[in-house]
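Examination of the molecular architecture
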Amino acid sequence: MQLQFKFRPICNKSSMEWGSAAHLNVKIRRSSLRLRSKKQLIQIAPRALEGTTRSYGRIDLRVQSCKYKYRGCKVKLEEEEIKAHEKECRYRWFKCEGRKFAAWNCSFKGYREDVMNHFRRIHPERTYMKVQNIIDMSMTFGRDSYDIELIQKRKQLFWFKHRLLSKEKIAYWLCQYVGPQDEALTYCYDFVISDEVRKFAVTELCYTDALDADEIYESGKCVVMTFDQIKSFMTGARNIHVYFRIKKNVKARR
Ligand SMILES: [Zn+2]
Ligand SMILES: [Zn+2]
């Protein structure tokens, strides 16, 4: 019994039988790998990736390259997973975010590297926000309204979005990362509304821009306030004092 524990393989245990030939093969393969130098292992790795199958014990699943491989994407996944990836791939085509979020009449379509240039050229008033901001935001409650801003943090891009829903008497704010979801979750944001004494503070995760902002709001994963809450923080001419900052999610596992 003790020996079995000693040689427990790290592969899928459901496909292995203790003491079987397959089990022994694993042990032999592992020990032979150990004998190889680091240099040799590096040479072997690319050849292994060239295959079209990924092995899970006895089951071989076909893997596909991302359809944006021609632009430099190196991701390879199973058929189901690759479709989901392609929707949020950083090399995909981007439409004008203002068109998506607020039905602007803008026909821009380009790559990620074109998005900031497009906004600076066509929607410059939407590019003034920084990674850290103090904003006096004026609020009008009688009608639906929105705000969308593009923020650059080094080479990364983020959308700051705000929507005021007059019928529901709700306002939401959120921040989306321009790129895949696994990268998005490595960022979060602080959102604070305060007056001289009171403070409403939320720290929330960034989600991929491939998601619809309303979907994120409906899932409850953004900053949401009722009109009454907002009014209770208003100063002077219907303004609220907002602090907004994008930061690294230190708990994120990559
Ligand atoms: Zn891709
Ligand atoms: Zn546009």
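Residues numbered from 1 in each chain as written. Chains lettered and ligands numbered in written order. Predicted model: local features only at pLDDT ≥ 70, side-chain atom pairs only at ≥ 80, totals over all residues.

**Quick word on the pairing of strand E11 (residues 199–205)**
Quick reminder of the rule: Paired strands, as defined in this entry, are two strands with at least two bridges between them according to DSSP. Each helix is a run of H or I in the DSSP string that is no shorter than four residues. Each strand is a run of E no shorter than two, and both are numbered from the N terminus.
The pairing of strand E10 (residues 187–194) with E11 spans seven bridges and is antiparallel. In the sheet register, Ile193 faces E11, and the bridge partner there is Phe200. Remark: four residues form the turn of the hairpin made by E10 and E11, two consecutive strands paired antiparallel.

**Some remarks on the sheet that holds E11**
Counted only if it meets this: All axes here are fitted lines through C-alpha atoms, helices being fitted over the stretch that makes contact, and every angle between N-to-C directions spans 0 to 180 degrees.
One open sheet holds the four strands; their spatial order is E6-E14-E10-E11, and the pairing between them is antiparallel. Among the strands making up the open sheet, the edge pair consists of strand E6 (132–138) and E11. Going across the sheet, the axis of each strand differs from the next one's by a mean of 20 degrees, ignoring polarity. Of the pairings in the sheet, the one linking E6 to strand E14 (residues 239–248) comprises seven bridges and is antiparallel in character. What sits directly across from Asn133, in E14, is Phe244.

**Details of the nonpolar core**
Note the following rule: A set of buried Ala, Val, Leu, Ile, Met, Phe, Trp, Tyr and Cys residues, joined to one another through C-beta atoms within 7 Å, is what we call a nonpolar core. Residue burial is a threshold on neighbouring C-beta atoms within 10 Å of the residue's own C-beta, all placed from the backbone, with 20 or more meaning buried, 12 or fewer meaning exposed, and counts in between meaning partly exposed. Our contact criterion uses C-beta atoms placed from the backbone: two residues qualify when those atoms are within 7 Å.
Phe158, Tyr172, Leu174, Cys175, Cys206, Cys222 and Val223 are the most contacted members of the largest nonpolar core, which totals 35 residues. Sorting the residues of this core by element identifies helix H6 (112–122), strand E7 (145–153), strand E8 (156–165), strand E9 (170–177), E10, helix H8 (213–218), strand E13 (223–226) and E14 as the ones contributing at least two each. Looking at this core element by element, the count peaks at six residues for E9. In this structure, Leu174 is in contact with Lys161, Ala213, Ile216, Tyr217, Cys222 and Val223, ignoring residues within four places of it in sequence.

**Considering unusual backbone geometry**
With a phi angle near 50 degrees, Arg154 is a residue other than glycine that sits in the positive phi range. Here Arg154 is to be found in the loop between E7 and E8. Phi is positive for Lys169, which is not a glycine, with a value near 55 degrees. Residue position: Lys169 is located in the loop between E8 and E9. C-beta crowding within 10 Å serves as the criterion here: with 13 such atoms nearby, Lys169 is assigned to the partly exposed category.

**Topic: the environment of Thr140**
On the secondary structure map, Thr140 appears in the loop between E6 and E7. Distance in space between the C-alpha atoms of Thr140 and Arg238 is 7.6 Å, their sequence separation being 98 residues.

**A closer look at the confidence of the model for the chain**
The following threshold applies: Confidence scores per residue from the predictor, reported as pLDDT, run from 0 to 100.
Mean pLDDT over the chain: 82, with 76% of residues reaching 70 or higher. Counted against residues more than four places away or in other chains, residues 1–51, with its pLDDT under 50, gives 19 contacts.

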